[in-house]
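The lines below spell out each chain.
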There are 2 protein chains.
Amino acid sequence: MANIQEIARLAGVSTATVSRVINQHPYVSDLTRERVLKIIGQLDYVPNYNATSLKKGATRSIGIIAVDYNSLLMSLVRSFHTIAQQSGFNTMLFMTNGECSKELVALEMLRSRQLDALFCLVRTNEWNIIESYTRYGPIVTWQRLTSDSIPSVFMDQYQGYMLSLEYLYSKGYRKILNVFSSKGLNTLERIRAYRDFIQMHGLKDSGFPQFHNKMSIYDGEEIAQWWIKQTDKPEAISCSTDEVAAGILMELQRAGFTVPDDVGIMGFDNTDIAHLLDLTTIHYPVDKQAENAFAVIKSMLDQSVPKLHSLAFNLIERRST
Amino acid sequence: MANIQEIARLAGVSTATVSRVINQHPYVSDLTRERVLKIIGQLDYVPNYNATSLKKGATRSIGIIAVDYNSLLMSLVRSFHTIAQQSGFNTMLFMTNGECSKELVALEMLRSRQLDALFCLVRTNEWNIIESYTRYGPIVTWQRLTSDSIPSVFMDQYQGYMLSLEYLYSKGYRKILNVFSSKGLNTLERIRAYRDFIQMHGLKDSGFPQFHNKMSIYDGEEIAQWWIKQTDKPEAISCSTDEVAAGILMELQRAGFTVPDDVGIMGFDNTDIAHLLDLTTIHYPVDKQAENAFAVIKSMLDQSVPKLHSLAFNLIERRST
C-alpha cells in the first residue's frame, strides 16, 4: 500500500501538506487539496489514524450503553454528548437490545483502550461481569446501583412521583388515575409511592385500572378514549411521560372536553412538548444528570475531585391542572 | 489472569456451565450462577469475547455516522436500528461534531473488521477519503452523492418542498413565508424550489425575510411573535420542521389568533407532533429510507440483490391550512 511520502512525491508537495489535506487543516489551496486527494484515490492509500491515537494512549471517546431508543434516554444521551464534546470527548452509542454479547462489544473496546470510559444507561450483563471491566477505565451508570467500583447518578423515582401526587392532592384532586411506563425498577418505585400516598391521606383506592407500558402520544389518545367512556371518571390523571399527557389532552379537546375543568392532567419529565402544550409536569433534570455522569468520569480519568450538581425533581405548574 | 478452566474447577462445575453463566443462557440454577459469578469476581477474570467474534470474521455491527442530534436524524437512526436488529445486527452511533478524526474512528473500525458496514448520515471527511475505505466493507450514505462505490438513499428536497408550496397555492395562499433550517444542500434545494415556484406562477417575491437555522418549537414561537407584529402579514407559513410549525401554532393560539383562519401553517416531516396538533405537513418516509439503507448494506454483504421501496414525499392534509 502507498505511503505518505509517495503521495507527497507524486503530488509535488511536502509530506506536511499531504498530512494537512488528510486532516482537513486550513491553509491548503483548493488546487493542492484536489491534486493530493486525486493521488490518494489513485494510489489506494488509507491513512492509519487509529494507530496514532492508540499510541497516544487515550482515544478521547466515551461509550454510551443503552437498550433501546426513547425520548427521555435520547435527551440524556444528547446532553451527555454535548457536555462531553465541550471537553474534547467523542461519544459512541451502543444499542444492545438487551443482548449480552452486544454490550460486551463496548466493554471489550474499553479493555482494548478504544474507549476511555463507559456510561451505562441500561445494562444487560450481570453487574459482576460489568464490574470486572472497571480496571480498564471508568464505568458510570444511570441505573439504581450501590457499588464500590461503578458510581451511579440515578434519581429517586419514588420522590419524583410522590411530588406529583402530593401536588394533585393539594389542588383538591382525590380520584387519581395512574399511568405507568414499562415495568422496571422505576415503575415499581412509582407504584410504591402511590400506595404510600393513598395510605398517608387515608384515601381508598379508586379501583381504576392501572395502565402499564404507556409512553407515547398514541397511548395517551387511547387513555382519553377510555376516560370518555367511564361513568365514574378520574378527576386527575398522573402520567408516565409528557407524551402520554399530551395525547390525552389533545384527544379530550377534540372530543369537546376542557382541561383542567373536566379533568386535571399531569405530565412527567418536562420535555419540550410540556412547554408547548402548557402541561403541568415534573421536571426531570436529565441535563444535570448527564453533567454529573460526565464529571464523575472526567474526575476518574484525571484523578481529580468532581464538582456535582445536586439533583432534584421539581414541580412545574402550568395550565393543565 | 484466570481462565475458564480454573473458574470451573473452583466452582465445582463444568466449563460449559461457566460459559453458560457468562453468556447468560437459561438452564443454570440461581445458586450455581451466583457461585460462578462470585468466583469470577474474586479471580479478576475477564472473558475475551471480542477475540471470538473477530475469529468468526463478522461482528454483525453496523456503524452510523452523524454530526449532531436532531429529531429527524434520530427518527432515521431509530428506524435503521430497528430494522438492523431484526436481522441480527447491532448498531453503533458515532457523533462526530464535524471533526474528521472522530469520523475516522468509525472508518478505522470498518477496516479492522470491528464493524461490518457504515451508514453515513452526515459526513465530515472528503468523500475521497471515505471512498478509500469502501474496500473494507459497504458504506451507504443518506446525503446527496453520485458515487460508484458509495450508494446513496437521499431524497429530493426540491420535490418535497415544491409539493408543500403547490399545495398552499392550490388552497389560495399567495403571500407565503418560508422558514428554513440549517444552510446545507437540502436547504439550498428548498430555496431553489421556492424561486421556481414564484416564477412559474408569476408571483412577485413577497419581500418577507427568509428565516434560517430555525428548527425548534422555540424558534416557531419567535416567528409567531414576528408574525403578530407585521402589518403586511404572510397568509401562510411553510416551515422547515413540524416543531417550528407547532411552536407557531400554539403561540398564535395563546395570543388569540385562529389557525387556519388567520394564517395557514404547514409543517414538514410528519413526525408525531404533527399528528398531535393536526398539522398539515409533508410526510418524509424516513422509515423507508432507513429500510432501503439497510437493504443495500445487507445485499452488499450477502452479494444479493436488494429489494427497495420507492421513496416519495406525500402531502398529509390536516387542519392547520
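Everything discussed here concerns the structure shown above.
So, how was this worked out
Residues numbered from 1 in each chain as written. Chains lettered and ligands numbered in written order. Predicted model: local features only at pLDDT ≥ 70, side-chain atom pairs only at ≥ 80, totals over all residues. Heavy atoms only, no water. Helix = DSSP H or I, 4+ residues; strand = E, 2+ residues; numbered from the N terminus. Rg over C-alpha atoms; globule rule 2.2 N^0.38 Å. Buried < 20%, exposed > 50% of the residue type's maximum accessible area, 1.4 Å probe, protein only. 1 Å grid on protein atoms, 1.4 Å probe; cavity = no way out; pocket = protein on both sides within 12 Å on 5 of 7 lines; lining within 4 Å. Points joined across faces, edges and corners; volume = space filled by probe spheres on them. Nonpolar A, V, L, I, M, F, W, Y, C, P; charged D, E, K, R; others polar. Pairing = 2+ DSSP bridges. Axes fitted to C-alpha atoms, helices over the stretch in contact; angles between N-to-C directions.

## Some points on the overall build of chain A
Here's step 1: The secondary structure content of chain A amounts to 13 helices and 9 strands.
Here's step 2: For a compact globule of 321 residues, the expected C-alpha radius of gyration is about 20 Å, and chain A comes in at 26 Å, more than 25% above that figure.
Here's step 3: Projected onto its principal axes, the C-alpha positions of chain A cover 85 × 45 × 35 Å.
Here's step 4: When each of the 321 residues of chain A is scored for burial, the buried share is 55%.

## Quick word on empty space enclosed by the protein
All names here are of chain B.
Here's step 1: Within this structure, the stated rule accounts for 2 cavities of 30 Å³ or more.
Here's step 2: Counted as a void, the second largest cavity has a volume near 30 Å³.
Here's step 3: Forming the walls of the second largest cavity are Arg 174, Lys 175, Ile 176, Tyr 194, Phe 197, Ile 198, Leu 203, Lys 204 and Ser 206.
Here's step 4: Broken down by element, the lining of the second largest cavity gets its largest block of residues, 3 residues, from helix α9 (residues 185-200).
Here's step 5: Of the residues in the lining of the second largest cavity, the class split is 5 nonpolar, 1 polar and 3 charged.

## Here we look at unusual backbone geometry
Here's step 1: In the segment running from Val 259 of chain A into Pro 260 of chain A, the intervening peptide bond is cis, with an omega of 10 degrees.
Here's step 2: Looking at the element boundaries, Pro 260 of chain A is found in the loop between α11 (242-254) and β7 (264-266).
Here's step 3: One non-glycine residue with positive phi stands out, namely Arg 113 of chain B, at about 65 degrees.
Here's step 4: Position of Arg 113 of chain B relative to the elements: it lies in the loop between α6 (100-111) and β3 (117-120).

## Some remarks on the sheet that holds β7 of chain A
Residue and element names in this part refer to chain A.
Here's step 1: An order of β5-β6-β7 is seen for the 3 strands of this open sheet, with the pairing classed as parallel. Two strands lie at the open edges of the sheet, namely β5 (176-178) and β7, each paired on one side alone. Recorded for the sheet is a direction-independent mean angle of 15 degrees between the axes of neighbouring strands.
Here's step 2: Summarising the sheet, β5 and strand β6 (residues 236-238) pair through 3 bridges and their orientation is parallel. Bridge pairing in β6 places Ile 176 opposite Ala 236.

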